[in-house]
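# Residue-level structure breakdown
The residues making up each chain are set out below.
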Amino acid sequence: MATVVDSPNKEANKSALANKKVTIVFVLGGPGSGKGTQCGYIVQHFGYTHLSAGDLLREEMKSGSENGFVIKDMIKEGKIVPSELTIKLLEQAMLENRNDKFLIDGFPRNEENRAAFEAFTGIEPEFVLFFECSEEEMQKRLLSRNQGREDDNIETIKKRFKVFMESSLPVIEHYEAKGKVRKIDAARPILEVFEAVKACFTRGDIKVNQL
Ligand code: ADP
Ligand code: C5P
Ligand code: MG
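Predicted model, so just to flag it, every value in this text is computed and none were measured.

UniProt annotation of "binding site: ATP" (unreviewed entry) refers to G32, S33, G34, K35, G36, T37, R145 and R188 when read in the numbering used here. Lining residues of the largest cavity, restricted to the annotated ones just named, are K35. Examined against the element boundaries, T37 turns out to sit in helix α1 (residues 35-46). Tracing the backbone shows R188 in the loop between β5 (181-185) and α8 (190-201). Engagement of the side chain of R188 in a polar contact is seen with the backbone oxygen of D185, the distance being 3.1 Å.

What follows is the structure, encoded as structure tokens:
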């Protein structure tokens, strides 16, 4: 797979996305907080395309690519895959899609993810949805998710919680300082959470059309 450095626009090492006007909402929260579930509802109501960084990495892993083993190891350990790999997958997915509105779920996962994405694409999110949920509740959800994921076991879950606290929360703090974070109490039942999510997309100060 090509790396970010092999981007067609080598001179500036910028993504072709810089020429495609896109609206991006980052969807963040701990593992099991309900990001993927809520993204499904947002897609139905607001016409976004949902891109889960974790799903893209798992697809890349299964495709037999040369990066597959690295990704598999990192996911098993709950570690964050090098930014250039994840950003390339997100870039490809956005360039291939005719939509201009994307929910990016589970990215940026650390400050390096965030800074590298902004530098490469020149894109800042419209806003950031942040799902707050206790570890106790997230653990319960992950252990009953039943999607056959190698990282939904207690040992890896503990590591993912640690990475979330140490590496992902600083990203939320970065956007909080910019007034871009919309916090949601994600411990409630799915449809109640979605009511709060909906309100974030229908606020008057953002450019989002309801379907
Ligand atoms: P994430 O993408 O943040 O890791 P998911 O959306 O995959 O989380 O949700 C993890 C598990 O919890 C799934 O089995 C999902 O059905 C369930 N779930 C999601 N939201 C809720 C909720 N509000 N209440 C109870 N269970 C939930
Ligand atoms: O978001 P999700 O729970 O699907 O992510 C699963 C795993 O994928 C993470 O624990 C991490 O190993 C990897 N990942 C990553 N970088 C991201 C998103 C996910 O390395 N931006
Ligand atoms: Mg998910």
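Right, let's talk about the site of ligand 2 for a bit. Near ligand 2 you find 17 residues, and of these R58, K79, V81, R109 and R149 are the closest. In this structure, an oxygen atom belonging to ligand 2 sits 2.7 Å away from a main-chain N or O atom of V81. Here an oxygen atom of ligand 2 and a side-chain polar atom of R149 are 3.0 Å apart. Bound to the protein, ligand 2 loses 96% of the 460 Å² it would expose on its own. Comparing atom positions with the cavity grids shows ligand 2 to sit within the largest pocket.

Volume-wise, the largest pocket comes out at about 930 Å³. If you trace the largest pocket, you find 43 residues lining it, with G32, K35, R145, R149 and R160 closest to the centre. Among the secondary structure elements, those contributing two or more residues to the lining of the largest pocket are α1, β2 (49-52), α2 (53-62), α3 (68-77), α6 (135-143), α7 (154-177) and α8. The element best represented in the lining of the largest pocket is α2, accounting for 5 residues. The class makeup of the residues in the lining of the largest pocket is 14 nonpolar, 17 polar and 12 charged.

Take empty space enclosed by the protein next. As enumerated under the stated definition, the model contains 1 cavity of 30 Å³ or more in all. Volume-wise, the largest cavity comes out at about 50 Å³. Considering the residues around the largest cavity, the lining is formed by L28, G29, K35, G106, P108, R109, F164, S168, V171 and I172. Mapped by element, the contributors of at least two residues to the lining of the largest cavity are β1 (23-29) and α7. Residue composition of the lining of the largest cavity, by class: 5 nonpolar, 3 polar and 2 charged.

So, how was this worked out
Residues numbered from 1 in each chain as written. Chains lettered and ligands numbered in written order. Predicted model: local features only at pLDDT ≥ 70, side-chain atom pairs only at ≥ 80, totals over all residues. Heavy atoms only, no water. UniProt positions renumbered as here; feature names shortened; annotations may be inferred. 1 Å grid on protein atoms, 1.4 Å probe; cavity = no way out; pocket = protein on both sides within 12 Å on 5 of 7 lines; lining within 4 Å. Helix = DSSP H or I, 4+ residues; strand = E, 2+ residues; numbered from the N terminus. Polar contact = N/O pair within 3.5 Å; in protein donor to acceptor, adjacent residues only side chain to side chain. Near = heavy atom within 4 Å. Areas by Shrake-Rupley, 256 points an atom, 1.4 Å probe, with all protein chains shown as cover. Sits in = over half its atoms within 2 Å of the grid points. Points joined across faces, edges and corners; volume = space filled by probe spheres on them. Nonpolar A, V, L, I, M, F, W, Y, C, P; charged D, E, K, R; others polar.

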